Amino acid sequence: MTAKTVPKSDPSRWLRPVTGKTLKAGASLLGLLVIYELFRWLWLSAEGEPAVDSVSMIRAVFAVVAGAVMAGWLIVRASPPLLVHTPSEEQIREDVCLTAIQKTANYARWFIVMRWIAVVVAAALIFITVRITHMLPTTVWWPLMGAVLLLGIFNVLCAFLLHRQTMLAYLLQLQVYGDLIVLTILLHYSGGIENPLSLIMLLHVIIGGIVLSRPNCYVVAVVATLLFGVLAVLEWGGYVEHYTLAIFPHHMGPHGRELHAAHETLYAASRAVLQGLMLLLTAYFVTGLAERQRHDERRLQAMADWALAERQLLERSLQTTATGLRVIDRELETYWSNDRWQQWFDRPAAEPPEDRPHEDEKSVARQTLADGQVRTIEVSRPLEPIPDETPNDAMSQRMFLVTTAPLLDAGGHVSQVVQLAQDVTEQKRAHIRMMRASQLAAVGELAGQVAHEVNNPIAIISAKARLMISDQREQMSDSVATELAKIIDLSDRVARIAQGLLFYCRPSGATRMPLDIRIPARRALAMIEQRANSTGITVKDQMEDALPMVRANAQEMEQVFLNLYLNALDAMKQNGHLLLSARVENDAVAVTVQDDGPGIPTHLQARIFEPFVTTKQSGKGTGLGLAICQGLIRSHAGRIEVDSSPGRGTRFTVRLPMESSPDEQEPQ
């Protein structure tokens, strides 16, 4: 079957527009920073410290907002357009056809792309907060950049595993847990539990609920809660140093030391508990929605499998019924076709004009698309080229009955056209044979009547001419004698034709008795032996020594074989080979007469036993010999067959039923 194919899944189609625009956005931000430095160096250096601090604060806010906008824009541009527009039918079909491994690979690839974006954004934010806005101390510059480098190395490892198709079943979980560990390290050096960016852990729980199972999503939430709790305990107990984030408010202690909320028991405990509750509640809601979506996907997959099974059943049914089917769209292109249609019409041979809607402006398909009417036409297709075949012979054409009907959409408009083709060649040939048989029956009846009426006058004319030439030869001139001889010859020819017509039209009433078929065959062979020797034709008798008896008339069988021998001699002319053989086949005796002459033209083989059909030159044959032979053989409950190939000779086989034993014979 053929149909319009669905393109393979290509997640990179969402990423192609991102690279160039990302570079432009980064260049724009860098240009703004250069402009700010020039502004501060040229104009702010003469102002007081309060003005410089105010402008620096504005710069910091602008940098944070610009970084957030850039990160959000990159995420939206790199994500599949699920929230932008409704997925198309092809995208839905594509997603349904993906296997679990393919979906996992696509999610892992999306994770890797997003992580590269996170590496760029994190490096930019660290540079802004440490080197420009001084929201973090310079001592955390290298630890933070080292954590970003670690994230990049981890991403390279994930990309390598994906490329090698290794650990695909665990690659998503590995990426989520690795991201959480690196995120915890970044939080520690950028304000610890006081940093509001700790809410990014919620994003990992959301992603885990979408791409992982419900238990694995809860494990991600628990791991994120434990990591945040461990960080809170370490900072609260002073086991690790707490780094100040300038945007978080701090107070001075009694000894001039800066107080941190992370060192307060109530804040640290409530912050850890609140973070854990948010992570677990997020996992609960996200997994609920994800399970509902997976249930819908399973239903969609089941419906797709059912539709595919129904389609395959329909295609098998159409193949069984030997029916060709094609669906054409409004552009007159084939939307779908089954194997039978392709075998009949989509081969290298050109299609008939009536069946080429993309080339014919007045095609049946175009008319049906225009008015929605059902149309039925006959389409002929030539069979394989055969030497000496008559082009206009209906028996050499393959005929199809093509019905074209409209297919309506939901709005009742013609959207497509379906064409149903049936091979009616055999029906056409049977009809032609029936018509020819009725014509031959009428011709035979008329010929019999004509032969009966002509036979007596011709006999009188021939007898009178013979009497005149025998009694009065001395009284007539040579020219008159010659003309009388011509009259006798032509009269005898007409008499033979009339006698042949009577043999063909009327059943034989000759007596039949048990007969050794080799006797009439060899008698006829002796009659033509002298002619064969004179023309250099070799005659071989290869009939078996013992053959069963047949019930037949010896004179009629002798006439049949003599006719077959004479036809073979006429075909070979000289220096040929005539082979006579006989054998037993099932319950019949088969006698074969074979020559190595030019053979019978292919287009005449089906009509060779019809009256007045001959391969001889005009005036050298009546075309009744084989017709008479067939009539005689059929009157003996036998059959005669021909096997011939142009240039390879001809073989006639006469099959007669064997004589029954006395116990099996019916009473007379």
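Worth saying up front: this structure is predicted, and the values here are computed from it rather than measured.

**Student:** Hey, could you run me through the environment of glutamine 275 in this one?
**Tutor:** Note on placement: glutamine 275 falls in helix H9 (residues 265-320). The buried category is assigned to glutamine 275, whose relative accessible area is 0%. Glutamine 275 has contacts with Ser198, Leu199, Met201 and Phe228, leaving out every residue within four places of it along the chain.

**Student:** Just to check I follow, could you spell out the sheet that holds strand E10 (residues 538-543) for this structure?
**Tutor:** Two pairing modes exist for strands in a sheet, parallel and antiparallel, and in both the strands are linked by backbone hydrogen bonds. Spatial strand order, E10-E12-E13-E15-E14: 5 strands in an open sheet with mixed pairing. Either end of the sheet is taken by a strand with one partner, and the two such strands are E10 and strand E14 (639-644). Strand-to-strand, the axes of this sheet are offset by a mean angle of 15 degrees, without reference to chain direction. Pairing between E10 and strand E12 (residues 577-585): 6 bridges, direction parallel.

**Student:** Looking at this structure, how should I read helix H8 (residues 214-236)?
**Tutor:** The periodicity of an α-helix, 3.6 residues per turn, causes residues three or four positions apart to be oriented the same way. Counted at 1.5 Å a residue, the expected span for H8 with its 23 residues is 33 Å, and the 33 Å between its end C-alpha atoms agrees. Turning to H8, its buried residues number three or more, namely Cys217, Val220, Ala221, Ala224, Phe228, Gly229, Leu231, Ala232 and Glu235. Just past H8, the residue glycine 238 takes up positive phi, approximately 75 degrees.

**Student:** Got a minute to help me understand the packing of helix H15 (residues 554-572) against helix H17 (residues 625-635) in this structure?
**Tutor:** Angle between the axes and distance between the axes are the two parameters that describe a pair of packed helices. H17 packs onto H15 with a crossing angle of 145 degrees between their chain directions and a minimal axis gap of 10 Å. Of the two elements, H15 crosses H17, and the hand of that crossing is left-handed. Counted together, Glu556, Met557, Gln559, Val560, Asn563, Leu564 and Asn567 of H15 and Gly625, Leu626, Ile628, Cys629, Leu632 and Ile633 of H17 form the full contact between these two elements. When the residues that make up the contact of H15 with H17 are grouped by side-chain class, the tally is 8 nonpolar, 4 polar and 1 charged.

**Student:** Quick question: what am I supposed to make of the confidence of the model for the chain here?
**Tutor:** Confidence in the prediction for the chain averages 76 pLDDT; 70% of positions are at 70 or higher. Here residues 79-86 is modelled with pLDDT under 50, and outside its nearest four sequence neighbours on either side it reaches 6 contacts, counting other chains as well. pLDDT under 50 marks residues 348-362. Its contacts with residues more than four places away, or in other chains, come to 26 contacts.

**Student:** How should I be thinking about the environment of proline 657 in this particular structure?
**Tutor:** Note on placement: proline 657 falls in strand E15 (residues 650-657). Proline 657 sits in the partly exposed class, given a relative accessible area of 35%. Excluding residues within four positions of it along the chain, proline 657 makes contact with Val550, Arg551, Asp587, Ala588, His636, Ala637 and Gly638.

**Student:** Is there a simple way to explain H17 in this structure?
**Tutor:** Across the 11 residues of H17, 8 count as buried, placing the element largely inside the fold. Buried within H17 are the following residues: Gly625, Leu626, Ala627, Ile628, Cys629, Gln630, Leu632 and Ile633. Positive backbone phi, at 65 degrees, marks alanine 637, one or two positions downstream of H17.

**Student:** Can you walk me through the packing of aromatic side chains in this structure?
**Tutor:** Here a ring pair, both rings aromatic, is described through the centre-centre distance and the interplanar angle of the planes. Using the criterion set out here, one finds 7 aromatic pairs in the structure. Judged by centre distance (4.9 Å) and plane angle (45 degrees), the rings of tryptophan 344 and phenylalanine 400 are tilted. Note that tryptophan 344 is positioned in helix H10 (residues 339-345) and phenylalanine 400 in strand E7 (residues 397-408), a separation of 56 residues in sequence. For tryptophan 344, a relative accessible area of 2% translates into the label buried. Residue phenylalanine 400 is classed as buried on the basis of its relative accessible area of 0%. Here the aromatic cluster, defined as three or more aromatic residues joined through ring pairs, consists of Phe127, Trp141 and Trp142. Stacked on the ring of tryptophan 141, the Lys or Arg arginine 131 has its end atom at 4.5 Å from the ring centre.

**Student:** Whenever I open this one, the nonpolar core confuses me. Can you help?
**Tutor:** Soluble globular proteins tend to bury their nonpolar side chains together. The biggest cluster of nonpolar side chains holds 40 residues, and the ones touching the most others in it are Ile517, Met557, Phe561, Leu564, Tyr565, Leu578 and Leu580. At the level of secondary structure, the elements contributing two or more residues to this core comprise helix H14 (518-534), strand E11 (550-552), H15, E12, strand E13 (588-595), H17 and E15. No other element matches the 8 residues that H15 contributes to this core. Among all residues touching leucine 580, those that are not within four sequence positions of it are Ala521, Leu525, Lys540, Asp541, Gln542, Met543, Tyr565, Val591, Thr592 and Val593. Leu168, Val176, Leu180 and Phe228 belong to the second-largest nonpolar core, a separate cluster that totals 34 residues.

Rules of the game
- Residues numbered from 1 in each chain as written.
- Predicted model: local features only at pLDDT ≥ 70, side-chain atom pairs only at ≥ 80, totals over all residues.
- Heavy atoms only, no water.
- Helix = DSSP H or I, 4+ residues; strand = E, 2+ residues; numbered from the N terminus.
- Buried < 20%, exposed > 50% of the residue type's maximum accessible area, 1.4 Å probe, protein only.
- Contact = heavy atoms within 4.5 Å.
- Pairing = 2+ DSSP bridges.
- Axes fitted to C-alpha atoms, helices over the stretch in contact; angles between N-to-C directions.
- Expected span 1.5 Å × (residues − 1).
- Left-handed = near helix turned anticlockwise from the far one by under 90°.
- Nonpolar A, V, L, I, M, F, W, Y, C, P; charged D, E, K, R; others polar.
- pLDDT = per-residue confidence, 0-100.
- Phe/Tyr/Trp six-rings, centres within 6.5 Å; stacked < 30°, edge-to-face > 60°.
- Lys NZ or Arg CZ within 6 Å of the ring centre and 35° of its normal.
- Core = buried A, V, L, I, M, F, W, Y, C linked by side-chain atoms within 4.5 Å.

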